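# Fold and geometry: a report
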Amino acid sequence: MDDLQVEKPLVSPRIDGQIGTIVIDNPEKRNALSHGLIEALIATLEAFAAEGVRAVILRARPGVKVWSSGHDVYDLPSGGRDPLGWDDPLRELVRAIEECPAPVIAMIEGGVWGGACEVVFACDLIIAAPSATFAVTPAKLGVPYNVSGMLTFMNACPMRIVKEMVFTAKPISAQRAEGLGIINHMVPSRDLEAFTQTVAESIALNAPLSISVMKEQLRMLAGAHPMSPRRFERVQGLRRIVWESEDYEEGLRAFKQKRKPRFSGR
Ligand code: YXS
């Protein structure tokens, strides 16, 4: 790219009063969570916190068919490295949302895929249009999801629903998600923005210190799952078998070659 071309921003942040809104804006790649997009999201959340924003709305452009297609597959490492390690940008984004002092409201239209599902489930509230769907897709690519990510799903959904979502990798509808309590509200698309704004304003009117401390308490309690070093090492050993497998390489290859993967179980 020559120096005259300015890179289009991947997110559009704005602050209105005490409410910050972030629009994820890379439709050409279906808002795939690339390293660049994730860095911009984290930087915006940090800037909002510094400005004392009291509620955050995380959204895509109005009317999108795909809210986010998940982790940018081209950023997933191959060749025997953990694709979802502590320093993976997706893990950093989930932690940034959980540690943001202001409640983060995910406002959803269209499909939410893979790691984007964990990002949305890590948000404090989810308000979705009927067009929203949620798909957890590691099994589609042969990815070994990580422990804290699985805990995000377990904290968001009943165990049998987690199992159905991770084993089938099929989307569930907003209507079903609302019925299961996975999302807070399903709202007609025409009312989605105003409804979400009203919820954000009701949060912003309350005591921010009280809210931020209750949010942190809930984060700590939700993550309070004792796992012995022995068990953690066993999980990491099992995950390593997956990320070193031929199936993981095949999953990445098939995606890039735009074909269905053929998994061998090796
Ligand atoms: O061919 P071009 O260059 O125009 O690019 C295409 C796609 O390659 C690209 N794209 C992505 N690039 C990187 N990472 C992605 N996740 C990704 N998704 C899409 O965007 C351009 C348009 O895509 P296309 O033609 O497929 O759009 P569509 O409207 O026909 O279909 C939209 C989707 C979302 C249904 C389709 O793009 C799709 O199925 N995307 C992959 C969804 C997915 O499996 N995401 C999981 C990514 S891996 C992840 O999140 C975690 C690591 S895990 O696997 O553990 O959950």
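Notes on the structure follow.

Rules and cut-offs
Residues numbered from 1 in each chain as written. Predicted model: local features only at pLDDT ≥ 70, side-chain atom pairs only at ≥ 80, totals over all residues. Heavy atoms only, no water. Core = buried A, V, L, I, M, F, W, Y, C linked by side-chain atoms within 4.5 Å. Buried < 20%, exposed > 50% of the residue type's maximum accessible area, 1.4 Å probe, protein only. Contact = heavy atoms within 4.5 Å. Axes fitted to C-alpha atoms, helices over the stretch in contact; angles between N-to-C directions. Helix = DSSP H or I, 4+ residues; strand = E, 2+ residues; numbered from the N terminus. Parallel < 35°, antiparallel > 145°, perpendicular 65-115°, else oblique. Left-handed = near helix turned anticlockwise from the far one by under 90°. Nonpolar A, V, L, I, M, F, W, Y, C, P; charged D, E, K, R; others polar. Pairing = 2+ DSSP bridges. Salt bridge = Lys/Arg side-chain N within 4 Å of Asp/Glu carboxyl O. Near = heavy atom within 4 Å. Polar contact = N/O pair within 3.5 Å; in protein donor to acceptor, adjacent residues only side chain to side chain. Phe/Tyr/Trp six-rings, centres within 6.5 Å; stacked < 30°, edge-to-face > 60°. Right-handed = clockwise from strand over helix to strand, strands pointing away.

## Description of the nonpolar core
Counting residues in each nonpolar core, the largest one holds 60 residues, and the members touching the most others are L58, I108, F121 and F134. Those residues in contact with I108 that sit more than four places away from it in its chain are W67, V120, I126, I127, A128, A129, A132, F134 and L192. By size, the runner-up hydrophobic cluster in this structure holds 15 residues, among which are M107, L125, I127 and V199.

## Digging into the packing of helix 2 (residues 89-99) against helix 3 (residues 115-122)
With their axes 9 Å apart at the nearest point, helix 2 and helix 3 run at an angle of 15° to one another. Considering the angle they form, helix 2 stands roughly parallel to helix 3. Regarding helix 2 and helix 3, the two cross each other, and that crossing is right-handed. Contacts from L90, R91, L93, V94, I97 and E98 in helix 2 reach G115, E118, V119 and A122 in helix 3. When the residues that make up the contact of helix 2 with helix 3 are grouped by side-chain class, the tally is 6 nonpolar, 1 polar and 3 charged.

## With respect to the pairing of strand 5 (residues 104-108)
A regular strand places its side chains so that they alternate between the two faces of the sheet. In terms of residue burial, strand 5 counts as a mostly covered element, since 5 of its 5 residues are buried. By the alternation rule, side chains of strand 5 split into V104, A106 and I108 and I105 and M107, which are all buried. Alignment of strand 3 (residues 55-60) against strand 5, held across 3 bridges, turns out to be parallel. Residue L58 lies in a different strand from strand 5, and its bridge partner there is A106.

## Topic: the sheet that holds strand 5
Within the open sheet, the 6 strands sit side by side as 1-2-3-5-7-10. Their pairing is mixed. Of all the strands in the sheet, the pair left with one neighbour each is strand 1 (11-16) and strand 10 (185-186). In this structure, strand 5 lies alongside strand 7 (residues 125-128), joined through 4 bridges in parallel fashion. Its bridge partner lying in strand 7, M107 is registered against I127.

## Things to note about the pattern of salt bridges
Evaluation of the coordinates by the stated rule reveals 12 salt bridges. In this structure, R253 engages E250 in a salt bridge whose closest nitrogen and oxygen atoms are separated by 3.2 Å. Highlighted residues: R253 and E250, both in helix 11 (residues 246-256), separated by 3 residues, approximately one helical turn. By sharing partners, the salt bridges in this structure join E250, R253 and R259 into a single network.

## A few points about the site of the ligand
In the vicinity of the ligand, 23 residues are found, and the nearest of them are K29, S69, H71, G115 and K258. A distance of 2.9 Å is found between an oxygen atom of the ligand and a backbone nitrogen or oxygen belonging to H71. Here an oxygen atom of the ligand sits 3.3 Å away from a polar atom, N or O, in the side chain of T137. A per-element tally of the shell around the ligand places helix 4 (residues 138-141) first, with 3 residues. Across the shell around the ligand, the residue classes break down as 11 nonpolar, 6 polar and 6 charged.

## Let's talk about the packing of aromatic side chains
For the structure on display, the rule yields 4 aromatic pairs. Geometrically, the ring pair formed by Y74 and F255 is edge-to-face, given 6.2 Å between the ring centres and 70° between the ring planes. In this pair, Y74 sits in the loop between strand 4 (66-68) and helix 2 while F255 sits in helix 11, placing the two residues 181 residues apart along the sequence. For the pair F121 and F134, a centre-to-centre distance of 6.0 Å together with 35° between the ring planes defines the contact as tilted. One end of the pair, F121, is in helix 3; the other, F134, is in strand 8 (residues 133-135), with 13 residues separating them in the sequence. The exposure class assigned to F134 is buried, which follows from its relative accessible area of 0%.

## Some words on helix 11
Along helix 11, the positions that sit buried rather than exposed are D247, Y248, E250, G251, L252 and A254. Buried-residue contacts for helix 11 involve helix 4 and helix 10 (229-243).

## With respect to the pairing of strand 3
Of all the 6 residues making up strand 3, 6 are buried; the element is thus mostly covered by neighbouring parts of the structure. Residue alternation in strand 3 divides its side chains into two sets, A55, I57 and R59 and V56, L58 and A60, and both sets are buried. Relative to strand 3, strand 2 (residues 19-24) is paired through 6 bridges, and the arrangement is parallel. Its bridge partner lying in strand 3, I19 is registered against A55. Chirality of the crossover, the property in question, places the unit of strand 2, helix 1 (residues 35-50) and strand 3 among those that are right-handed.

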